[in-house]
Amino acid sequence: MGHTGLVMRSGVRPSPLFLAIVGVTIAGALLTLIEQQIAVTTGIVLLVIGGWAVSLCLHEFGHAAVALKGGDHSVRAKGYLTLDPRRYTDPVLSLLLPMLLLLAGGIPLPGGAVWINRHALRSKGIESAVSLAGPLTNLVLGALLVMSVSLFQPPLGLAIGLSYLAYVQIIAFVLNILPVPGLDGYGALEPYLPYQARRYGQIARPWAPLVLFALLLGLPELGITILSDTLFGLTGSIFDVIGGDPLLAQLGQLEFRFWN
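Going along each chain's sequence as written, the residues are numbered from 1 onward. The predicted origin of the model limits local features to residues at a pLDDT of at least 70 and limits the giving and counting of side-chain atom pairs to 80 or more, whereas totals for whole chains, interfaces and linings rest on all residues. Side-chain numbers come from the whole structure's heavy atoms, not from hydrogens or water.

### Some words on the UniProt feature "transmembrane region" (unreviewed entry) in the protein chain
Part 1 of the reasoning: When the UniProt feature table is mapped onto this chain numbering, "transmembrane region" (unreviewed entry) sits at residues 16-34, 41-61, 95-117, 129-152, 164-186 and 207-227.
Part 2 of the reasoning: The distance from the first to the last C-alpha atom of residues 16-34 is 28 Å, and the span holds 84% helix and 0% strand.
Part 3 of the reasoning: Helix makes up 100% of residues 41-61 and strand 0%, with an end-to-end C-alpha separation of 30 Å. UniProt positions are given in the numbering used here, feature names are shortened, and annotations may be inferred rather than shown by experiment. Helix and strand definitions here come from DSSP, where helices need a minimum of 4 consecutive H or I residues and strands a minimum of 2 consecutive E residues; each element is numbered from the N-terminal end.

Okay, structure coming up:
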């Protein structure tokens, strides 16, 4: 009774859909243990797609949980604490599009968004913390995945799948902390910006991230490779610092994008 009451008060109730996604991720991990190439490749694809979907939910949950602590109790009624991807704006933009871009270009587009009542938050510092909670969740997930490979030394198929999933988390962290309107890095700075800058940021918010990803994915001939090289260089440096194995991550990417 006490545990049930605590869950009801906090609003933290993992949804059946979230648990199903976790189940797909685990099934993918188990498939990588079968000594058959098709099974290993299929397992890695399911592990990375499922794991990425799980991390999208946890990313948004991180925003909501910090907002709740900071004074915005509306996140409970909105269902943001249920880890249900359908609660995080539009399911296509929040879940399907990020996964398609990951498959197509290896770039983890940030998913949906939780709508925070920033007027209810107690300070500008809390507003920044709410924005940073999402990308920091990705960073922690990446570190935990790297640690699981290092400590448990799983079979090769599972090791490369987990390593690539960890690398994806680090890319997501790096991209999300960029000071671009619509991304969390800008959200952390926004409370401290002058009114006019915030106004322009609101105008740019819907399309600025899409422009950034279009530049990263499709316009190298315009010299945007400098931006891409910088971002992936920073990602690689962080991945090395937390103990990731670049070779395992690269093998995981090759298996994940097996059609290339």
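### Concerning the packing of helix α3 (residues 37-70) against helix α12 (residues 246-256)
Part 1 of the reasoning: Interaxial angles span 0 to 180 degrees and are taken between N-to-C directions of axes, which are lines fitted to C-alpha atoms, for helices over the stretch in contact. At their nearest, the axes of α3 and α12 sit 9 Å apart, and the two run at 100° to each other. The angle between α3 and α12 places the two elements in the roughly perpendicular class. Here Gln37, Thr41, Ile44, Val45, Val48 and Ile49 of α3 come into contact with α12, specifically with Gly252, Glu255 and Phe256.
Part 2 of the reasoning: When residues are sorted by character, Ala, Val, Leu, Ile, Met, Phe, Trp, Tyr, Cys and Pro go into the nonpolar class, Asp, Glu, Lys and Arg into the charged class, and all the rest, Gly among them, into the polar class. The residue makeup of the contact of α3 with α12, split by class, is five nonpolar, three polar and one charged. Any angle that falls under 35 degrees is termed roughly parallel, while one over 145 is termed roughly antiparallel, one within 65 to 115 roughly perpendicular, and all others oblique. Residues count as neighbours in contact if any of their non-hydrogen atoms are within 4.5 Å of one another.

### Notes on the packing of aromatic side chains
Part 1 of the reasoning: The rule is short: rings of Phe, Tyr and Trp, with Trp giving its six-membered ring, pair when the centres are within 6.5 Å, and they are stacked under 30 degrees, edge-to-face over 60, tilted in between. Per the stated rule, a full pass over the model turns up four aromatic pairs.
Part 2 of the reasoning: On the numbers, 6.0 Å between centres and 40° between planes, the contact of tyrosine 80 with tyrosine 88 is tilted.
Part 3 of the reasoning: Overall, the relative accessible area of 4% leaves tyrosine 80 in the buried class.
Part 4 of the reasoning: Relative accessibility under 20% of the residue-type maximum defines a buried residue, over 50% an exposed one, and the middle range a partly exposed one, all with a 1.4 Å probe and only protein chains included. In this structure tyrosine 88 comes out as buried when scored by relative accessible area, which is 2%.
Part 5 of the reasoning: Taking 5.3 Å as the distance between ring centres and 90° as the angle between the ring planes, the aromatic pair formed by tyrosine 167 and phenylalanine 239 counts as edge-to-face. Of this pair, tyrosine 167 sits in helix α7 (residues 156-176) while phenylalanine 239 sits in helix α11 (residues 225-241), and the two are 72 residues apart along the sequence.
Part 6 of the reasoning: The class of phenylalanine 239 is buried, set by a relative accessible area of 1%.

### Regarding the side chain of glutamate 60
Part 1 of the reasoning: Relative to the assigned elements, glutamate 60 resides in helix α3.
Part 2 of the reasoning: Buried charge without a partner: glutamate 60 forms no salt bridge, and the closest opposite charge is arginine 118, 9.6 Å away.
Part 3 of the reasoning: A distance of 3.5 Å separates a polar side-chain atom of glutamate 60 from the backbone nitrogen of valine 114. Only four residue types enter the charge count, namely Lys and Arg as positive and Asp and Glu as negative; His and the chain termini do not. Salt bridge, as applied in this entry: a Lys or Arg side-chain nitrogen positioned within 4 Å of an Asp or Glu carboxyl oxygen. We call two N or O atoms a polar contact when they sit within 3.5 Å, provided that within protein one can donate a hydrogen and the other can accept it, with sequence-adjacent residues counted only if both atoms are side-chain atoms.

### Describing the confidence of the model for the protein chain
Part 1 of the reasoning: A score between 0 and 100, pLDDT records how confident the predictor is in each residue. Averaged over every residue, the pLDDT of the protein chain is 87; residues scoring 70 or more account for 86%.
Part 2 of the reasoning: The low-confidence segment residues 1-8 (pLDDT under 50) makes three contacts with residues lying over four places distant or belonging to another chain.

### Some details on unusual backbone geometry
Part 1 of the reasoning: For leucine 83, which is not a glycine, the phi torsion comes out positive at approximately 65°.
Part 2 of the reasoning: Position of leucine 83 among the secondary structure elements: in the loop between α4 (74-77) and α5 (91-105).
Part 3 of the reasoning: The backbone phi angle of glutamine 153 is positive, close to 45°, even though this residue is not glycine.
Part 4 of the reasoning: In this fold, glutamine 153 is placed in the loop between α6 (124-152) and α7.

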